[in-house]
Amino acid sequence: MNASPDSELTVTIGATVPTGFEHTAAEEVQEKIGVDARISRDRGRIYFPVTTDKLSEVHHLRSVDNLFVVVKEYDQYQFKESKEETLMELQELASKLPWTNALEVWKLNRTLKKKKSYRKGGNATKAKPADTGVCDAAEQQETAQELSAAEGDTKDAPDVESHQQEAAPEDKPIKFRVTCNRAGDKHSFSSNEAARDFGGAVQEFFQWKADMTKFDIEVLLNIHNEEMVVGIALTEESLHRRNISHFGPTTLRSTLCYGMLRLCKLQPSDVVLDPMCGTGAIPLEGAIEFNSSFYIAGDNNDMAVNRTLNNICHIQKRRADKGRMGSRKKNWDLYPSCLREMARVCRPGSGKAVLLTQDKKCFSKAISRMGGLWKKLHTVWVNVGGLHAGVYLLKRTAGVFGQTPEDVHESPGRCSLSLFLKGNCSSLPNS
């Protein structure tokens, strides 16, 4: 990990992914982040370098479950045969690790969150190891002082510099926990023992406060045979939960659905049929990420159908809450895109649309740009709650969609008719 000339840090990001889809995830990283990802020998994980200015883009990857920033990697860590010696070595390791850059990324990651929240119960960063331990370091350090980071003594911590003061602007103690994910049958220690002893040393070194549930930092100790990676978690709950609010007994992870859909190499206008949709995980992921295809879903179980409908409503509400009202600036892209999409679904030569908007200047400009698809028949000026608006009656021209200058170069901000109905205008197409 190092700093680039423009002061951006370059760090290694680790990501857990659905086992078997490591190569698919690596392809997405290359496509969207522009870097090569390395597949771990421990299946279900990939690693890739990234500059901190692209950290927000990393969170938008569709194939990854959990993210963490790597503090230190060991390809061939020589664990001692004696449990006592190994645990003592892990305790000594805590003060020797290069924490600085990883903690800087953790701080930056916190600023990207819309609001502060805590993980409760379970561990969002777990993969599927043979042995997993989560340890509250207070089990070993019951008498340790609960000092704030600003009060920590860093004279013997050259790698840490002054991140403690910066990491807790509220001047409150940083709370943490250590999670150990371990796989392999040649270790003399358990995951709980490793998490306990390593966590105790981390607490003593930083003077952080141990807390199993309401923690600010989760330190990860991932061990797979002789491979060991120390990291800091960047996700509070798995990204695979992004689309589903109503779960069923067989709900697929959204990340797994993405991998399945990506394997299909979907093309525009492809029809995807899911006859056993369950909670709708596959068609929902497809409609969001591969929205140029068409999705049909069904199930012979009434509960499954209801869950799918509830998940669709949840996503629609979430999208509406994010910015239903729009803005005048956005209207310059929104209106032409909506008129283009409405022209696609309305019958050429006879389809009609009635629209209401206060942004008369922008809409008039959009109509003039769509002259090959729409003809304005009539305008009624109205007063809506004290706002002066226009009601426009439009008629679809006989122009064939896809063959007029207006829709050859389609705007990237294309919207669907259903979203348009909830936007700045209202439409009543008659097709």
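In the block above lies the structure referred to throughout.
Conventions and cut-offs
- Numbering of residues begins from 1 in every chain and follows the order in which that chain's sequence is written.
- The predicted origin of the model limits local features to residues at a pLDDT of at least 70 and limits the giving and counting of side-chain atom pairs to 80 or more, whereas totals for whole chains, interfaces and linings rest on all residues.
- Computation of side-chain values: all heavy atoms of the structure, hydrogens and water removed.
- Only protein atoms enter the 1 Å grid used here, on which a cavity is any set of points holding a 1.4 Å probe that cannot leave and a pocket is any open set flanked by protein within 12 Å on both sides along at least five of seven lines; residues with an atom within 4 Å of a point are listed as lining.
- Grid points are joined across faces, edges and corners, and a volume is the space filled by probe spheres set on the points.
- Gly falls in the polar group here, along with every residue not listed as nonpolar (Ala, Val, Leu, Ile, Met, Phe, Trp, Tyr, Cys, Pro) or charged (Asp, Glu, Lys, Arg).
- Between 30 and 60 degrees the pair is tilted, below 30 it is stacked and above 60 it is edge-to-face, where a pair is any two Phe, Tyr or Trp rings, Trp via its six-membered ring, whose centres lie within 6.5 Å.
- Only DSSP runs of H or I reaching four residues or more are called helices, and only runs of E reaching two or more are called strands; each is numbered from the N terminus.
- To sort residues, take the accessible area from a 1.4 Å probe on protein chains only and compare it with the maximum for the residue type: under 20% means buried, over 50% means exposed, and anything in between is partly exposed.

**Q** Where do I start with empty space enclosed by the protein in this structure?
**A** Vacant regions in the atomic arrangement are exposed by a probe of water-molecule size rolled over the atoms. With the rule as written, the count across this model stands at 1 cavity of 30 Å³ or more. Roughly 30 Å³ of internal volume is contained in the largest cavity. What lines the largest cavity is simply Asp42, Arg45, Tyr47, Asn222, Ile223, His224, Glu227, Met228 and Val229. Looking at the lining of the largest cavity residue by residue, the class counts come to 4 nonpolar, 2 polar and 3 charged.

**Q** Looking at this model, I keep getting lost on the packing of aromatic side chains. Mind explaining?
**A** Between two aromatic rings, the relevant description is the distance of the centres plus the angle of the planes. What the rule picks out here adds up to 12 aromatic pairs. Pairing Tyr47 with Phe68 gives two aromatic rings, centres 6.0 Å apart and planes at 80°, and the pair type is edge-to-face. Placement of Tyr47 in strand 4 (residues 45-51) and of Phe68 in strand 5 (residues 66-74) is noted, with a sequence separation of 21 residues between them. Each member of the pair, Tyr47 together with Phe68, is buried. Look at Tyr335 and Phe363: their rings are 5.7 Å apart centre to centre, the planes differ by 75°, and that puts the pair in the edge-to-face class. With a gap of 28 residues between them, Tyr335 in helix 10 (residues 328-345) and Phe363 in helix 11 (residues 360-369) connect regions that are remote in the sequence. On the accessibility criterion, Tyr335 (2% relative accessible area) is buried.

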